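Next come the chains, spelled out residue by residue.
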Amino acid sequence: GRNPSGISVTYSSTNQGVATINNSGNVTLVGAGETWIKANYAGDSNHDPQEASYKLTVNTASQQSYSVTVNAGSNGTASVDKSSTTAGQNVTITVTPSSGYAIENIRVVDASNNPVGIKTSGKSGNSAFTFTFEMPSSNVTVSTTFTEGNYLTFTTDDAYYAANWNSSTNTFSW
């Protein structure tokens, strides 16, 4: 670049991984971190050399957080380990039917009412069951219903499952 006196100005960035600067003095952000942006004026017989610098800090963008709402039916409880989180994080649902009741259905849907697949399931304690799903880029609603008996159904992205619970062996049969 040139200043009004026609003397050349050079620009530099001390950390090219954070920001670059071209010969016209235009800065391009590259990534998070800190850098010094410098402008050097060479000077001439009428002007002393000068340097100006600016410490530039670039922060990473914060990720959008989405909420998880739980609607547990009567005759049991349901909870999640995170009431809000970012997309891609695992959320664990803990479902506990009341005595004499079984889980009838577990449904996880996004804000557009599209099913969110349940990735894993397991047993936690004497009567609680755990299920995990990956948080989409949307708010999510978890709904559970309970029924008298010993069976469980749930829906994943591409399938519907039903299982009978054998309380004497603490196992499901599919």
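Nothing here was measured: the structure is a model prediction, and the numbers come from that model.

S.K.: Before we move on, can you summarise the sheet that holds strand 5 (residues 50–58) with the specific residues and values?
M.R.: The antiparallel open sheet is built from three strands, whose spatial order is 1-4-5. With partners counted over all chains shown, the strands left at the sheet margins are strand 1 (9–13) and strand 5, one partner each. With direction set aside, neighbouring strand axes in the sheet form an average angle of 15°. As judged from the five bridges shared by strand 1 and strand 4 (residues 33–41), these two strands associate in the antiparallel manner. What sits directly across from Y11, in strand 4, is A39.

S.K.: Now, about the pairing of strand 4: what can you tell me, with residues and values included?
M.R.: By the bridge criterion, nine bridges tie strand 4 to strand 5 in an arrangement that is antiparallel. Looking across to strand 5, one finds that N40 is bridged to E51.

S.K.: Quick rundown of the nonpolar core? Include the residues and the values.
M.R.: In globular proteins that are soluble, nonpolar side chains generally tend to be buried together. Core analysis: the biggest nonpolar cluster contains 18 residues, and V95, V108, F131 and F133 have the highest contact counts within it. Counting residues per element, the ones that place at least two in this core are strand 6 (65–72), strand 9 (90–97), strand 10 (101–110), strand 12 (128–134) and strand 13 (140–148). Residues A19, I37, L56 and V58 belong to the second largest nonpolar core, which totals six residues.

S.K.: Tell me about the pairing of strand 13, and name the residues and values.
M.R.: Inspection of the sheet shows strand 6 paired to strand 13 by five bridges, in the parallel sense. Paired with V70 across the strands is V142, a residue of strand 13. Looking at chain direction, strand 10 and strand 13 are connected through nine bridges and run antiparallel. Along strand 13, the bridge assignment pairs I103 with F146.

Reading guide: rules and limits
- Residues numbered from 1 in each chain as written.
- Predicted model: local features only at pLDDT ≥ 70, side-chain atom pairs only at ≥ 80, totals over all residues.
- Heavy atoms only, no water.
- Pairing = 2+ DSSP bridges.
- Helix = DSSP H or I, 4+ residues; strand = E, 2+ residues; numbered from the N terminus.
- Axes fitted to C-alpha atoms, helices over the stretch in contact; angles between N-to-C directions.
- Core = buried A, V, L, I, M, F, W, Y, C linked by side-chain atoms within 4.5 Å.
- Buried < 20%, exposed > 50% of the residue type's maximum accessible area, 1.4 Å probe, protein only.

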